[in-house]
Every structure is written in C-alpha cells, then in structure tokens.
Amino acid sequence: MSIRICRRFLLVWLAIGSVAAQAEDPFSDATRHIMAGDYEAAIEVYDTYVENAPQGEHAALAAFGAGSLQQLALEDPEAAVRSFDRVLTGYRQSPWAPEAARRKAECLQAVENWGEAGSAYQAALELAVAQSEGPGADWINEVSLAAADCFYELGDRERVVETYERALDQSLPPNAAATTHYRVGNCYETAGDAPNAARHYARILTDYPFTREFGEAAGKRGLIEPHQEINWDACEAFSTSTDLRQRAALEESIERCRAVMDMDASRALKKAAEFRIVVDETILSGNFSEGSRRLRSLTRDLPPSVRVEQVTQRLQLFDQVAGMEAEVERNPDSGPAHATLGELYVRMGSLDKGIETLTRALEITPYNISSRLNLCFALIRRGRVAEAREIADRHLAEHPEATNVMNMMGYQLLQQQHIEEALNYFRRYVEAAPEEANAHDSYGEGLMTAGRLEEARGEYQRAVALDPTFSNAYYMLGSIQQQLGEETEAREAYARFLELTPGDPRAPQARAAIEELGGISNR
Amino acid sequence: MLQDGFSRRRFLKCSALLGAQTTLGFGLGRASGLPMDLAVVTGDSPERNCTAAVEALGGFSRFVREGDRVTIKPNPIGTSLPEQAIHTHPDMVGAVVKGCRDAGAESVTVLSYDNRRNMVVNGTAAAVEGAGGVLKALGEREEFREVVIPRSRILRTEPIAIDVLEADVFINMPIAKHHAGAEVTLTMKNLMGINWDRIRFHRSGLHQCIAELASAVRHDLVIMDANHVLLSNGPSGPGEVSAARQVIAGVDPVAVDAFALRYFQRTPESIDHIRIAHQLGVGEIDLGKLRIREYTA
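None of these values were measured; they are calculated from a predicted model.

This part is about the overall build of chain B. Looking only at helices and strands, chain B features 11 helices and 13 strands. Taken over 297 residues, chain B has a buried fraction of 62%.

Further remarks concern the overall build of chain A. The helix and strand tally for chain A stands at 29 helices and one strand. Going through the 523 residues of chain A one by one, you find that 51% of them count as buried. In chain A, the proportion of contacts linking residues at least 24 apart, taken out of those at least 6 apart, comes to 48%.

This paragraph deals with the pairing of strand 7 (residues 169-173) of chain B. Residue and element names in this part refer to chain B. Counting buried positions over the five residues of strand 7 gives five, a clear majority of the element. With five bridges connecting them, strand 2 (residues 69-74) and strand 7 associate as parallel partners. Pairing of T71 across the sheet is with F170, part of strand 7. Pairing analysis gives two bridges linking strand 7 to strand 10 (residues 221-230), with the strands arranged parallel. If you follow N172 over to strand 10, its bridge partner there is V222.

Another aspect to go through is unusual backbone geometry. All names here are of chain B. A cis amide bond links G234 with the next residue in sequence, P235, at an omega value of 10 degrees. In this model, N233 sits at a positive phi of 60 degrees, which is unusual for a non-glycine residue. Mapped onto the elements, N233 comes out in the loop between strand 10 and strand 11 (241-242).

Moving on: the confidence of the model for chain A. Mean pLDDT for chain A: 88, with 94% of residues reaching 70 or above. This stretch, residues 1-22 of chain A, has a pLDDT under 50; its non-local contacts, to residues over four places away or in other chains, come to 37 contacts.

Residues and elements named next belong to chain B. Relative to the helices and strands, F60 is located in helix 3 (residues 60-63). By C-beta crowding, F60 is classed as buried, having 25 other C-beta atoms within 10 Å. Each C-alpha atom, one on F60 and one on G99, is 5.9 Å from the other, the two residues being 39 residues apart in sequence. Leave out the neighbours within four places in its chain, and F60 touches V54, G99, C100, D102 and A103.

The next point concerns helix 29 (residues 507-516) of chain A. Residue and element names in this part refer to chain A. For helix 29, the set of buried residues is A507, A510, R511, A513 and I514. Around the axis of helix 29, the buried residues are gathered within 160 degrees of arc, so they sit on the same side. Elements that come into contact with the buried residues of helix 29 comprise helix 8 (137-153), helix 27 (471-483) and helix 28 (487-500). Residue G518 follows helix 29 closely and has a positive phi angle near 90 degrees.

Let's shift gears to the packing of helix 21 (residues 369-381) of chain A against helix 23 (residues 403-415) of chain A. Residue and element names in this part refer to chain A. At their nearest, the axes of helix 21 and helix 23 sit 10 Å apart, and the two run at 20 degrees to each other. Classified by the angle between their axes, helix 21 and helix 23 sit roughly parallel to one another. Read as a crossing pair, helix 21 and helix 23 show a hand that is right-handed. The segment helix 21 lies against helix 23, with L373, C376, F377 and I380 engaging V405, M408, M409, Q412 and L413.

As a further point, take the packing of helix 5 (residues 77-90) of chain A against helix 6 (residues 97-110) of chain A. When two helices pack together, their arrangement is given by the angle between the helix axes and the distance between those axes. Residue and element names in this part refer to chain A. Between helix 5 and helix 6, whose axes approach to 9 Å, the crossing angle comes to 155 degrees. In terms of orientation, helix 5 lies roughly antiparallel with respect to helix 6. The interaxial crossing formed by helix 5 with helix 6 has left-handed handedness. Where helix 5 approaches helix 6, its residues P77, A80, V81, F84, D85, V87 and L88 are matched on the opposing element by A97, A100, A101, R103, K104, C107, L108 and A110. Broken down by class, the residue content of the contact of helix 5 with helix 6 amounts to 12 nonpolar, no polar and three charged.

Attention shifts here to the pairing of strand 8 (residues 175-179) of chain B. All names here are of chain B. Burial of strand 8 is extensive: four of the five residues sit out of reach of the surface. Bridge analysis of strand 8 against strand 10 gives two bridges, and the strand direction is parallel. Within strand 10, the position partnered with I175 by the bridge is D225. Note: strand 8 against strand 9 (residues 183-185), three bridges, orientation antiparallel. The residue bridging H179 from the neighbouring strand is E183, located in strand 9.

About the cut-offs
- Residues numbered from 1 in each chain as written.
- Chains lettered and ligands numbered in written order.
- Predicted model: local features only at pLDDT ≥ 70, side-chain atom pairs only at ≥ 80, totals over all residues.
- Helix = DSSP H or I, 4+ residues; strand = E, 2+ residues; numbered from the N terminus.
- Buried ≥ 20, exposed ≤ 12 C-beta atoms within 10 Å, placed from the backbone.
- Contact = placed C-beta atoms within 7 Å.
- Pairing = 2+ DSSP bridges.
- pLDDT = per-residue confidence, 0-100.
- Arc of directions from axis to C-beta.
- Axes fitted to C-alpha atoms, helices over the stretch in contact; angles between N-to-C directions.
- Parallel < 35°, antiparallel > 145°, perpendicular 65-115°, else oblique.
- Left-handed = near helix turned anticlockwise from the far one by under 90°.
- Nonpolar A, V, L, I, M, F, W, Y, C, P; charged D, E, K, R; others polar.

Written out as structure tokens, the structure reads:
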C-alpha cells in the first residue's frame, strides 16, 4: 500500500506517547548471532556490554549471558567459571548472582572438582536466601540436593549432612525447609542416628503442618517417639482433617481442627487448625466477604513456617469469589460471570454451589467447555458419577479429538476411587492418541492403582519408548518393577529418572530404592 | 553505521566485514529511526487496519528487502470464525504476505503447529497461498535446531524452528486472547509454536519459559490482531469477545504486549511473563516511555 493510499485511512491522528526513544533490547545483536549459530560473536557482544557499561542496568545479566554461552554452547567450563565469577564479584546483589553461583558449580562438577563445586552450590544457596525475591522452593531443593551430591561423591557424609543443616540455618520458604528437614532426617536415619533423625522429623510435625512432609513425618512415630516429645493426638487429628477435606467432609474436618485447638499442641499446628476452620466454615456458609475479612486478620498472626503459598492463594480466592458474586448480581444473565464463579466455587470445595452456578452458566452458554468440565469434576466429587459421565460423553461425541477431556475425567475419577470408570476414560485416551506418551502414562497409573502391575508396566514401557525424556514414567516404571521383583530393570529405571530430574521431590525415594536394590549411586 | 531495515542475513554478512564494530551492540536494530514505537489503528476492516499500521511504521519496504526470506508466525489454531477471536484474522495474514511479496521477498513462509486441515477450514490457507506465501505445518523434530538461551534460568537450550532461525525477516502476528494458563496470549506467548517442546513449558514454569524464549528470538516486526479480542475461556474459546477493531504494530514484543493489556484491564506488571521479559532486557514495559500513535482507518 502506498503512503498516499495509506493516508486515506489515517483520518484521525493522536499521539499519546512521549517522545522518548525506544529502549531496544541491548542484546538483540547477540540474539541474531545466536540464531545464526555464531556463539563466539554473541559472547563478544555480552562481554563488550560489561566492559562499556559496567554499571549498566543489564551488566550482571550480560556477564551471566556470556558465562551461560561458554558453559552450554562452547562447553568451556574454565571460561564460563571466569564469567560467572565476574557476576559473583561485581554484581553480588544482582538477581542473577544465585544462578551464576549454581552454574559455576555445575562447571566445576563437570570437571569433577567435587569440593569446589559443593562449595559453589552452598554459596548459591546463601545468595538465594539473602535475596528478598530469590529463587523459589524448587530451585533451593535442587541446589541443596546438588551440593549434597558433590560431597557424597567425595565420600564426605558429614558434609552432606552439614550442607542440609546449613541450608536450614537460613530462612528457607516453608516447603523448602520441610523438604530439607525430611532429607537430613533421612540421612541420619540411614546412618543409624535415630536421635538426630527424630529431631528433624519432629521439627516438621511441630512447625510445618501445611507441607507434604507433615504426613510423611507422622508416619515415623516409632522412630520419633523415644527421642522427641510430640502431641501425637493433635498430629493425628490434623492429618485426619486433611483426609476429610479431600473427601469434602468439611463439618467433620472442622470438628478435628477444633480438637487440635483444645490440645497442648505447637503454636504452628494450632494456627494451621484455626486457619482451616475459618476456610471450611466460610465454604459451608457461603459468606465469602466475611470469610475474607476473618482470614486476613488471622493471616497477620500466622507464624512464618505456616505461611505457605497456599495460604496466600486461599486469601486471594476468597477475595475473587466475593468479587464475582457481586459481578453475577450485577449481571444475572452473563454466562462468563456464572462460569467463572462456578469454577471458583468448585476450586474452593463449595461443590453444591458450584454445581448450581455452573448449571446456570451452561443454560446461558451451553458450549462452554470449561464449564462442562468443571461441572463434571464437581459432580464426581459429590459422588454423582453417572451425571458427570453423561456430560463428558456428550462432549466427547461432539469432539472426539478432545483427549484432554478423557485424561482429566480419568484422573478425577481415579482420585475419588472410581477406578473402573477411570480406566475406561484412560483406555479411550490411549485409543484416541496411541502415539502420545502421556496417554500411556495415564493409563499406566490407572492400571497400577487397580493393582494390574504387569499391564501397567507395559503402558509405562510404551510411554518411555515414545518419549525417552518422560521422567515420571521412569519413576513409576521403577516402582512397578521393584514390586514385581525385577531388580536390575527397576534400578535402571530409577537411575534414568534421577538423571533426567535430579531435583524432583521424589528423588530421595528413588535414591533410597536404588540403595535398597543393591545399587551404588547417588544420582 | 548500519542502516535501518537491515535483514538478518545481510546483518551477518556485514558483521564479518565490520569485525569488532559489530560487537558494540548499539544502534544496529531496525527500531532505531522508526517514526514511532507503536502504531495502533482502529477501523472496521482487519486488512486495512493491518496495512495502515505497517504503513505508519514506514511500510513493508522498511522491513523487507529484495530477495529476503520472510517467516511469519500467526496464531492459526482452530476452525472457528474470525469473529470468535481464536486465530489471527486470515485477511491480515494474507495482507502481510502480499505486503512482503510486493516489497520483493523471495519467499514468505507462514508457520503453524496446528494441522493444515484446520487452516483450510479457518481460511488461513487460502489467504496465504492466494497472496503468494507458503503454509507450513511444523511437526518433525528435524525442522528445529537446538539453540542456547543465555538469558535463562530454566530453559538453557530450546529447539527452535529453522524457518525462524534462518529467516531474513521474522514477523510475529498474534491475536489478543485470554489464556487459562498464561492469563493472556499475546506476542510472546505466540512464540510457543516456533519451539519444539511446548509441554515442557507448562511443566517448568510457563511465564518464566515464555519470557526466556522471547529473549532468544529477534523480532523484526510484530503485528497484533485486536480486531476481536477473546476475553474469557481462552485460548480455544468460545468465550466472551470484545470487538476492539484494532491492530497494533511495532518491533518490541514487550511493548506491544504491554499495550494490549488495555483490552483485559490489566497492568503490564501484573502479567508475569511480560514483567520478566522486561527484566531480561527484551523490551520496554513502561508505556509512558514509548512513542505510541493511534489512528483511525
């Protein structure tokens, strides 16, 4: 189109921006070189940036970028260590510093310099916890595990434990702290040091009630009881409330939590119980504005070890529900508003209100896929499986390619112990998408839950044949083969799982399984 | 000093000649010298909105030179009508193919990870091929090359479509939509599709991965379809649609995305991948620092 023609269209001209020049990506030339495969030229761009603008906004990132290319593209660990050191000495407060220390550690690990690598990982952890918005719990878990791995390679079990203990000296996020306590407890337990193992497991029970490890630690009662004083009735009541809530038995869950509050339990456990009571009472009453106010007031008083991400999310959800309820009141014929509110109710566990609202949403907009699925899930959790199946099957008749619906229905049914119905959907998923590794993984999980181990093994083998990087399938394969007595194969599957995802939360179990199977591996 | 409108291939040729000068890394991009950072055109015709937005930036000849190989990445999924705002309007894609060909492009390839059948149904195939472009549905691992991503914490490396890596000009043509996972799918989210392993992104931290991928791809031009904007139940819909009747063009993916959040009544900082991409130096998030011009077509 010529400028003249274009002008015909440009009838109104309104400049709303300032005249400041655009802040172009300072590394766009490096990106061009990388896209062309010329990594050395890209490194030069990054290096030049640091030299020309050592105090520039992106200087730390530039030094990191150069190191990253030296490490991953040129595979030159020595040069990479020099670049990462430049970040660590010149820009220690930068958000890139923890990752630079981690990458430096990886380079040293690559040349089997285990001692310095372990120390660099430790430095990465220290830098991470010193930052207000540092890396998350997963990152911290991976790095502390890697540090411990290095000291394990050195044969220095004491430093393995010391690494974990040092990590615990920092103010770790609650989930990372609980995982680390569990791991170090496990180290002591393996070494036969029951008192120290009990000390760490007990810490989880007193301080970290909202973490996954709470249930695991509660299972170690026999080991903990001779060495640590724990109110086991309180722990058991809290664990039972967790199970009850998963089954949507909120009244009973509230009863158990009230019992915890009347017992001589830790402050963290009592506060967690109180938090649950407020949440469940709100869901039952449906008064989310009031619930939001009560939760906000309670959250201010929560000990840091209880302030897990789910607590903040719960508070945000309450606010959202209250906002959406007002929106639906303003627009009673809005399909999207009903759909969103219904989904929020289901996420909150307010199932009856969710079913009612989603049914209304589908009356207004019958084709809404999300509403259909959310309604199915709510019905399944309410035990109304036949109705859920009818909706899902009608959808699948219209959209036979919707394999995600088959998969999600399968998992929802599996979670509620409707195993045969779940297998039916997983089987349909495999038939619809035989080349999808995830289909076999899902069907394998269903078969495993049904106790049909040999068939499950076959499905997981098909999954890894289709996708050799599918780490979950290797873990499950290892577990099945271990149960079937196929020790060598189980060990190999676990080893592959660890190789692919060394930072996975199930890594300690995989390592323990390998040791139990007679393998000598720390990876 | 290199000139505006330099293609990637020509850039690389000259880089070799200029030696150390090219490593200075300043002022070599197409953006320098553009009359504005974002051109926003409102009107009833998606095609006219699109061509007018590019003209406002200087026209296709500013971005495409004789003999260039151009790669375009629209958001082509699904078989719905353009008014449902699921895929980039075919008339826009056709107009851009034509604009590039008229500017002398040797070839114009339009990429998709969705199958060809859907693109025939939704009208993209006819629009592309009618304008002299080639439609390519990516599906084989061999069509991607592993690239190191230096500005990354998670990805480290990622297989990226060779058609993008070796193009002289890369044009991203997203449609503005709600997205259940990423909150919105705009320019940077639309890059998912030029990479091989999309599932990994969902497993590893979607927002961080989107921003890191955006740091590894040089955009020569972004043209966003906001003629109809999907506000809910994205990315596949159907959902609530706003007839915004606009097209946004620019070269900075962060700036385009930051601007497009007006349709969703969100601030740029509230969407993680946009905020992270800005921190990675990919582009500008502060609309107050940009030269934005709005037109009516």
